[in-house]
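Coordinate analysis (summary)
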Amino acid sequence: MSGLSKKVLLLSKLPVFHAFRITGLPTLYPVNITISLLYSCNSRCRTCNVYLKRVDNFTLEEYDKLFSSLGKAPYWFTFSGGEPFLRQDIAEIIKIAYKRCKPGIINIPTNGSLYQRIPGLAEEIVKNCPESDLIINLSLDQIGENHDKIRGFPKNFSRAMKTYEGLKELRKYPNFTVGIHTVISNFNVDDFKNIYDELILLKPDSYITEIAEERVELGTIGEGITPSHEKYSKAIDYLREQMQQKSASGVARVAKAFRYEYYDLVKKILLQQTQVIPCFAGILSAQVSPNGDVWPCCIRGDSMGNLRQNNYDFKKVWTSGQAKHIRKNIKNKECHCPLANASYTNMLASPKIVFRVIKNMRTL
């Protein structure tokens, strides 16, 4: 199935996903899945404690069973960590995901520190997945030594710049994109304008931000890393102003219009402290932990079931009593968050957001 065909099929199924959320039937697999490959990380970020967690990671053979169970349902895979490129077999894992699932988009965030490995592995991945769009987002939260202090990794910024130079060479592949990603936290929100102005000079294919959140997965509950509505609004309004001044076309224009709305959505969630639009985590999107727990999202981090304990049968976990209980809690607005990965699929399922996106495309 071509990328365009998968997009059309996804859009045609949105009413069915709404029925799934309301009634619990029919059961559909998520289209947006984050695969946490490992918790290990060589950074010691002030916004993340995931490196402290220890689990028995999935093997290559176990991922093969998972992706075989998922089939062609997923459209968007994110392979995260920890630092995902610390997995020696990351290219093989993604090759299997491509073979079994044929996703339209493969996204990998990285701290960029492994400059001697990342460009080569990225090229191997992009060659192995010719019909998928590969996006590698370099995580940069400040400039120079200030970035190193937030990330707890001396010379992280200079190493990331070497990685970036290597990744830029891969732009010769039409299905490759290198972006920059900034986590806006209490440690950099006051300086965001200067950070953006410096990073945009690197001319990434895309520039995105996400707000620092207290997550179960990251072990940051109670850490106080999330900026206030007032401070975040000041920072993100500047970014939105800059977005209005930079033109885009094609798919990039659509993505830009969605990001523009997402940043406004985050502001509203921070202010209202509730779900502003219906959340489809555990329906349209999901996350698989390194040891096989299936979560609706990494904010909640509550397991619908463990794949190892269920013979790697995704359907069995996805339709479990615990999964139904979690979906009911989310539907009843017992949680709220601006998690980017889930939010984009939530926005796709929201007619009023899609209408605004289409409207924004005329002006952005």
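Thresholds, definitions, all that
Residues numbered from 1 in each chain as written. Predicted model: local features only at pLDDT ≥ 70, side-chain atom pairs only at ≥ 80, totals over all residues. Heavy atoms only, no water. Helix = DSSP H or I, 4+ residues; strand = E, 2+ residues; numbered from the N terminus. Rg over C-alpha atoms; globule rule 2.2 N^0.38 Å. Buried < 20%, exposed > 50% of the residue type's maximum accessible area, 1.4 Å probe, protein only. Contact = heavy atoms within 4.5 Å. Lys, Arg positive; Asp, Glu negative; His and termini not counted. Charge placed at Lys NZ, Arg CZ, Asp CG, Glu CD. Phe/Tyr/Trp six-rings, centres within 6.5 Å; stacked < 30°, edge-to-face > 60°. Lys NZ or Arg CZ within 6 Å of the ring centre and 35° of its normal. Expected span 1.5 Å × (residues − 1). Polar contact = N/O pair within 3.5 Å; in protein donor to acceptor, adjacent residues only side chain to side chain. Core = buried A, V, L, I, M, F, W, Y, C linked by side-chain atoms within 4.5 Å.

Counting secondary structure elements, the protein contains 13 helices and eight strands. Expected size for 364 residues packed as a compact globule is a radius of gyration near 21 Å; at 19 Å, the protein falls within 12% of this value. Projected onto its principal axes, the C-alpha coordinates of the protein cover approximately 50 × 40 × 40 Å. Considering the protein as a whole, with its 364 residues, one finds that 56% of them fall into the buried category. For the protein, long-range pairs separated by at least 24 residues make up 76% of all intrachain contacts whose partners lie at least 6 apart in sequence. Distance between charge centroids for the protein: 6 Å, based on 50 positive and 35 negative side chains.

Before going further, it helps to examine the packing of aromatic side chains. Under the counting rule described, the total for this entry stands at 13 aromatic pairs. Arranged with centres 5.5 Å apart and planes meeting at 75 degrees, the rings of phenylalanine 67 and phenylalanine 77 form a pair that is edge-to-face. With phenylalanine 67 in helix α2 (residues 60-70) and phenylalanine 77 in strand β2 (residues 76-80), this residue pair connects regions lying ten residues apart in the sequence. Like phenylalanine 67, the residue phenylalanine 77 is buried in the burial classification. Ring-pair connections join several aromatic residues into one group, and the members of that group are Phe58, Tyr63, Phe67, Phe77, Phe79 and Tyr312. Directly above the ring of tyrosine 51 sits arginine 44, whose terminal nitrogen or CZ lies 4.0 Å from the centroid. Sitting over the face of the ring of tyrosine 98, lysine 102 holds its NZ or CZ atom 4.8 Å from the ring centroid.

The next subject is the environment of isoleucine 236. Looking at the element boundaries, isoleucine 236 is found in helix α8 (residues 229-245). Taking the C-alpha atoms as reference, isoleucine 236 lies 9.8 Å from isoleucine 211; in sequence the two are 25 residues apart. When residues no more than four places from it in sequence are discounted, the contact partners of isoleucine 236 are Ile184, Thr209, Tyr263 and Lys267.

Glancing now at α8. Over its 17 residues, α8 runs 24 Å from end to end, which matches the ideal 24 Å to within 8%, given 1.5 Å per residue. Residues of α8 that are buried include every one of Tyr232, Ser233, Ala235, Ile236, Tyr238, Leu239, Arg240, Gln242 and Met243, and no others. Packing partners of the buried residues in α8 comprise β5 (176-184), α7 (192-199), β6 (206-211) and α9 (250-272).

In this structure, glutamate 210 sits in strand β6. Within the local environment of glutamate 210, its side chain forms a polar contact with the side chain of histidine 181, the two groups lying 3.4 Å apart. Of note is the side chain of glutamate 210, whose polar atom sits 2.7 Å from the side chain of arginine 215.

Looking now at the nonpolar core. Ile35, Leu66, Phe67 and Phe79 are the most contacted members of the largest nonpolar core, which has 112 residues in total. Per-element accounting of this core gives the leading share, nine residues, to α9.

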